[in-house]
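A structural walkthrough
Single-letter residue listing:
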Amino acid sequence: VPGNFHVEAKAKDHSIDPAMANLSHFVNHLSFGVGSDDRDRNAKRILSRAPQEHQKFTPLDGKVFTTTEFHQAYHHYVKVVPTVFDMNDEPLTVYQLIGQSQVVFYDVVNVPEARFSYDLSPMTVHVSTEGRKWYDYITSLCAIIGGAFTTLGLIDAVLYKVFKPKKL
């Protein structure tokens, strides 16, 4: 279900001059689901073993969005992707964010607003690890031995043909 929330310079009992509004802002933390500080030790261990490309949980955190002119503000678009980590333990579901920001210009009479729009992805990323089975190891070992045997046999046959004494 898509949604959004806005940060706007507006007050019920005060008048705000839209021509003077500056919507520069700092994103301290934006996440969905259980926060990274609230995860238990087991979850943090699972996430530390995950590949780096699957650890984009909070791309907007710690970023400053500065507007340089009046009548402009940032609009942030966030795609929320559910990700299940199944690393030989019980599955752990977290939400990765894919963020994009752009500056939007407003009319003189409108008060600018910082907008955060989010959309939940209908797809789920499933990250898992599998160990090799014993028969995969045996098959690979036989393939290496067979390939080496065949290559040495070909080299031996070529050398025999080249250096074979010729009959007169």
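You'll find the structure just up there.
Points about the side chain of Gln72
Here Gln72 shows up in strand S4 (residues 72–86). Exposure remark for Gln72: the relative accessible area of 4% places this residue in the buried category. At 3.4 Å, the side chain of Gln72 forms a polar contact with the side chain of Thr68. Leave out the neighbours within four places in its chain, and Gln72 touches Leu23, Thr67, Val103, Val104, Phe105, Tyr106 and Pro112.

Overview of the pattern of salt bridges
A complete count under the given rule lists 2 salt bridges for this structure. The partner of Lys79 in a salt bridge is Asp119, and the shortest N-O contact between them spans 3.0 Å. Of the two residues, Lys79 is situated in strand S4 and Asp119 in strand S6 (residues 113–120); the sequence distance between them amounts to 40 residues. Look at Lys79 and you get partly exposed, because its relative accessible area is 31%. Classification of Asp119 as partly exposed rests on a relative accessible area of 29%. For Glu113, the salt bridge goes to Arg115, with nearest N and O atoms at 2.8 Å. We classify Glu113 as buried; its relative accessible area is 12%.

Section: the environment of Thr58
With respect to the helices and strands, Thr58 occurs in the loop between helix H1 (41–48) and strand S3 (63–65). Here the alpha-carbon distance between Thr58 and Phe32, two residues 26 residues apart in the chain, equals 9.1 Å. In this structure Thr58 touches His29, Leu30, Ser31 and Leu97, once residues within four positions along its chain are discounted. Polar side-chain contacts of Thr58 include one of 3.1 Å to the side chain of Asp61.

Thoughts on the side chain of His75
Note on placement: His75 falls in strand S4. Its relative accessible area of 8% is what places His75 among the buried residues. Of the polar contacts made by the side chain of His75, one reaches the side chain of Tyr106; its length is 2.7 Å. For His75, the contacting residues outside a window of four places in its chain are Gln100, Ser101, Gln102, Val104, Tyr106, Glu113 and Arg115.

The rules behind the values
- Residues numbered from 1 in each chain as written.
- Predicted model: local features only at pLDDT ≥ 70, side-chain atom pairs only at ≥ 80, totals over all residues.
- Heavy atoms only, no water.
- Helix = DSSP H or I, 4+ residues; strand = E, 2+ residues; numbered from the N terminus.
- Buried < 20%, exposed > 50% of the residue type's maximum accessible area, 1.4 Å probe, protein only.
- Polar contact = N/O pair within 3.5 Å; in protein donor to acceptor, adjacent residues only side chain to side chain.
- Contact = heavy atoms within 4.5 Å.
- Salt bridge = Lys/Arg side-chain N within 4 Å of Asp/Glu carboxyl O.

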